[in-house]
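Listed below, chain by chain, are the residues.
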Amino acid sequence: MYASDSIGSENRYDAVLIGAGIMSATLAVLLKELDPEMRLLIVERLDAPALESSSAINNAGTGHAANCELNYTPLKHGKIQTSKAIVINNSFEQSLELWASLTVMGRLSPKEFLHFLPHISFVWGGEDVAFLHQRYKDLKSLNAFSSMEWTEDKGELDCWVPLVMEGRNCHQLVAATRVKRGTDVDFGALTSAYLDSLLRNGAVELKLETELTHLTRDKEGVWQLELKDPTHSKHVSSPFVFLGAGGGALSLLQKSGIEEGLAYGGFPVSGQWLVCSDPELTARHKAKVYGKAKIGSPPMSVPHLDSRWIAGKRSLLFGPFAGFTTKFLKNGSKWDLFRSIGNNNFGPMLDVGVRNFDLVQYLLGQLRQNQKDRVQSLQDFQPTADQMDWQLSLAGQRVQIIKRTKAGGELKMGTEVVAAADGSLAALLGASPGASTAVTIMLEVLQRCWAQRMASKEWQERLRTLLPSFGRNLTIDSPCFNEIRERNDSVLADG
Ligand SMILES: Cc1cc2nc3c(=O)[nH]c(=O)nc-3n(C[C@H](O)[C@H](O)[C@H](O)COP(=O)(O)OP(=O)(O)OC[C@H]3O[C@@H](n4cnc5c(N)ncnc54)[C@H](O)[C@@H]3O)c2cc1C
């Protein structure tokens, strides 16, 4: 690798962000707001930003606020656990807060990426109806979910979710909760809007069709990065690197050699949706309707029937159906999984395979499904669904985290920031709740890697301008929470 003093000043940056998805784009916006003088480079291996998981067609576009996703309120020892739902709800509010501030500044136009629509949980059968009712009562008592509605009334359900009720067995016990203030977000359009705004002002450099292939730290602790574009390779240096490479972050973290990365492995899960663009059907379903995952199936398998807006066009989406490939990115290599296995993570990965036999069985079951089986699952939600109206579409890749712990390998369903002890590098692993909570996750990156500047009066003031609730605890500070929500709604709904 090159010595840092052989790299010209034009190739030295204050921060280099790998990957032009929602995570790097969010971090770039925050860093430039905090320090407009910062020299910042974003590197992307594909020929445009947001073509992997952040692309609207690769994810479900749910603004995850725990309004309707039943896996965020698991039942434990007979009690509904609400803590995760509260954290996710607060995080999503923080995302809305940033979007509202940037809208006021004239940097974002919410109608390009955000639509408000009801978030509904819909269940059938005595046990699931009882679960949902308990969840409703527990959440309704909390400020964040006080607007949640409940119904078992079939007439009311006909109005809430006509497609879900039409043709349904009239003797089936059904129930639903609704939060009208839910959202559908085109995270691909948002990523592009963030980057367009930064590029317009010359605030960042973006190198497309350029891949980070190697990284190493020199004696001074500065990162030396080897970047390859279609015609040549070049070297840049930076004291801070963010690996926002989505499914590709694990391999890069391993290449970085930092101690903190040694405990990790990854397990790829691909996804598929059924998509319908028939205008008659899309006009009759304006909600995100989440059901309950079957016993033993993993959280990412929660079935849902969603309204989507992609590039201004309405469609319906149902799924996800899981698949298996050894690629870590949709545009990755089938060697990704094998290359990621080494002495450090082989044992934990084996542990996870043995201990999560449910997941292995679930995936095998999903792989055996044909179109008829998929449409049958859809008919649990839309009893009158006709196979001819729905096409299969390939979703993005998720790489679930496998972490070495004292008790052996552990499979983690969430996201995790892995940072070098000296704060010179951070990587984001995992996928859920993902894009919706990007602002909170990137604030964690700043806190762990830019701790001194985060504590400075200057950055604290800038953060409070950008995120008026910054530093306040929205869970206990109801007046602040209500004020923030009111501002977010009035700016974003009008925008
Ligand atoms: C099926 C599915 C459904 C989902 N549903 C939702 C949802 O409803 N709501 C929600 O909030 N989240 C959802 N998510 C999660 C969300 O999509 C992700 O958390 C988010 O998009 C991740 O953003 P990212 O920037 O980390 O990664 P990505 O968007 O994948 O971007 C990573 C970028 O890094 C680039 N890259 C990789 N390696 C290199 C390299 N070596 N050099 C240069 N560039 C590189 C890639 O080309 C890519 O552009 C879903 C995800 C999936 C897969």
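Undergrad: Looking at this structure, how should I read the site of the ligand?
TA: The environment of the ligand is made up of 38 residues, and the closest members are Glu44, Ser54, Thr62, Leu212 and Ser436. Separating a nitrogen atom of the ligand from a backbone N or O atom of Ala60 is a distance of 3.1 Å. In the environment of the ligand, a nitrogen atom lies 2.9 Å from a nitrogen or oxygen atom belonging to the backbone of Thr62. For the ligand, whose free accessible area comes to 1000 Å², the fraction covered by protein is 97%. Those elements giving two or more residues to the shell around the ligand turn out to be helix 1 (22-34), strand 9 (211-217) and strand 17 (391-405).

Undergrad: Explain the packing of helix 2 (residues 83-104) against helix 13 (residues 438-449) here, please?
TA: Angle between the axes and distance between the axes are the two parameters that describe a pair of packed helices. Closest axis-to-axis distance for the helix 2/helix 13 pair is 7 Å, and the angle between their directions is 90°. Comparing their axes, helix 13 and helix 2 come out roughly perpendicular. On the side of helix 2, the interface is formed by Ser91, Gln94, Ser95 and Leu98, while helix 13 contributes Ala438, Val439, Thr440 and Leu443. Residues belonging to the contact of helix 2 with helix 13 are distributed by class as follows: 4 nonpolar, 4 polar and no charged.

Undergrad: Teacher, can you tell me more about the packing of aromatic side chains here?
TA: What describes a pair of aromatic rings is the distance from one ring centre to the other and the angle between the planes of the rings. By the definition in use, this model includes 11 aromatic pairs. When the ring of Phe122 is compared with that of Trp124, the centres are 6.1 Å apart and the planes differ by 50°; the resulting orientation is tilted. A relative accessible area of 0% places Phe122 in the buried class. Ring pairs connect the aromatic residues Phe122, Trp124, Phe318, Phe321 and Phe381, which therefore count as one cluster. The cationic tip of Lys292 hangs over the ring face of Phe131; the distance from NZ or CZ to the ring centre is 4.7 Å.

Undergrad: Got a minute to help me understand the pairing of strand 17 in this structure?
TA: The side chains of a regular strand alternate, residue by residue, between the two faces of the sheet. Of the pairings in the sheet, the one linking strand 13 (residues 264-276) to strand 17 comprises 11 bridges and is antiparallel in character. Within the sheet, the bridge partner assigned to Val275 lies in strand 17 and is Gln391. Both strand 17 and strand 18 (residues 408-412) contribute to a ladder of 5 bridges, which runs antiparallel. Counterpart to Ile402 in the pairing with strand 18 is Leu411.

Undergrad: I'm lost on the side chain of Glu44 in this one. Help?
TA: On the secondary structure map, Glu44 appears in the loop between strand 2 (40-43) and strand 3 (75-76). For the buried Glu44, no salt bridge is present, and the opposite-charge side chain at shortest range is Arg45, 6.2 Å distant. Within the structure, the side chain of Glu44 is placed 2.8 Å from the backbone nitrogen of Ala20, a separation counted as a polar contact. The residues contacting Glu44, other than those within four sequence positions of it, are Gly19, Ala20, Lys207, Leu208, Glu209 and Thr210.

Undergrad: Explain the sheet that holds strand 11 (residues 233-238) to me, please; I cannot follow it from the model alone.
TA: Pairing between the strands of a sheet is mediated by backbone hydrogen bonds and can be parallel or antiparallel. Spatially, 3 strands are ordered 9-10-11 in an open sheet, and the strand pairing comes out antiparallel. Of all strands in the sheet, those with a lone pairing partner are strand 9 and strand 11, marking the two edges. Ignoring strand direction, the axes of neighbouring strands in this sheet form an average angle of 25°. Sitting on the sheet, helix 7 (residues 249-256) touches strand 9 and strand 10 (223-228), and the angle it makes with strand 9 is about 30°.

Undergrad: How do you make sense of the nonpolar core when you look at a structure like this?
TA: The nonpolar side chains of a soluble globular protein tend to be buried with one another. Residues Trp99, Tyr194, Phe242 and Trp450 are the most contacted members of the largest nonpolar core, which totals 58 residues. Looking at this core element by element, the count peaks at 9 residues for helix 1. Other than its neighbours up to four places away in sequence, Trp450 contacts Asp14, Ala15, Leu31, Met38, Phe240, Val445 and Trp459. Listed in part, the 39 residues of the second largest apolar core include Leu215, Ile258, Ala263 and Leu363.

Undergrad: Is there a simple way to think about the pattern of salt bridges in this case?
TA: Between side chains of opposite charge, a pair can form when the charged atoms approach closely. Applying the stated criterion across every chain, the model contains 21 salt bridges. Of the charged contacts in the structure, one is a salt bridge between Asp184 and Arg308, with a shortest N-O distance of 3.0 Å. With Asp184 in strand 7 (residues 174-185) and Arg308 in strand 15 (residues 304-310), the pair connects residues that are 124 residues apart, well separated along the chain. Accessibility classification places Asp184 together with Arg308 in one group, the buried group. Residue Glu416 is joined to Lys403 by a salt bridge in which the shortest nitrogen-to-oxygen separation is 2.9 Å.

Undergrad: How should I be thinking about the side chain of Asn58 in this particular structure?
TA: Take Asn58: it is sitting in the loop between strand 2 and strand 3. What makes Asn58 buried here is its relative accessible area of 6%. Of note is the side chain of Asn58, whose polar atom sits 3.3 Å from the backbone oxygen of Leu51. Within the structure, Asn58 has its side chain in polar contact with the side chain of Lys330 (distance 2.5 Å). If sequence neighbours within four positions are ignored, Asn58 has contacts with Leu51, Glu52, Ser53, Trp273, Lys330, Leu394, Ala395 and Gly396.

Undergrad: Can you walk me through the sheet that holds strand 7 in this structure?
TA: Taken in spatial order, the 9 strands make up an open sheet running 6-7-5-14-15-16-13-17-18, and their pairing is mixed. The sheet is open, and its two borders are formed by strand 6 (149-151) and strand 18, each paired with just one other strand. The mean angle between the axes of side-by-side strands here comes to 30°, regardless of whether they run parallel or antiparallel. On top of the sheet, helix 11 (residues 357-367) reaches strand 13, strand 16 (313-323) and strand 18; it is set at about 125° to strand 16, its chief contact.

Definitions and limits used
- Residues numbered from 1 in each chain as written.
- Predicted model: local features only at pLDDT ≥ 70, side-chain atom pairs only at ≥ 80, totals over all residues.
- Heavy atoms only, no water.
- Near = heavy atom within 4 Å.
- Polar contact = N/O pair within 3.5 Å; in protein donor to acceptor, adjacent residues only side chain to side chain.
- Areas by Shrake-Rupley, 256 points an atom, 1.4 Å probe, with all protein chains shown as cover.
- Helix = DSSP H or I, 4+ residues; strand = E, 2+ residues; numbered from the N terminus.
- Axes fitted to C-alpha atoms, helices over the stretch in contact; angles between N-to-C directions.
- Parallel < 35°, antiparallel > 145°, perpendicular 65-115°, else oblique.
- Contact = heavy atoms within 4.5 Å.
- Nonpolar A, V, L, I, M, F, W, Y, C, P; charged D, E, K, R; others polar.
- Phe/Tyr/Trp six-rings, centres within 6.5 Å; stacked < 30°, edge-to-face > 60°.
- Buried < 20%, exposed > 50% of the residue type's maximum accessible area, 1.4 Å probe, protein only.
- Lys NZ or Arg CZ within 6 Å of the ring centre and 35° of its normal.
- Pairing = 2+ DSSP bridges.
- Lys, Arg positive; Asp, Glu negative; His and termini not counted.
- Salt bridge = Lys/Arg side-chain N within 4 Å of Asp/Glu carboxyl O.
- Core = buried A, V, L, I, M, F, W, Y, C linked by side-chain atoms within 4.5 Å.

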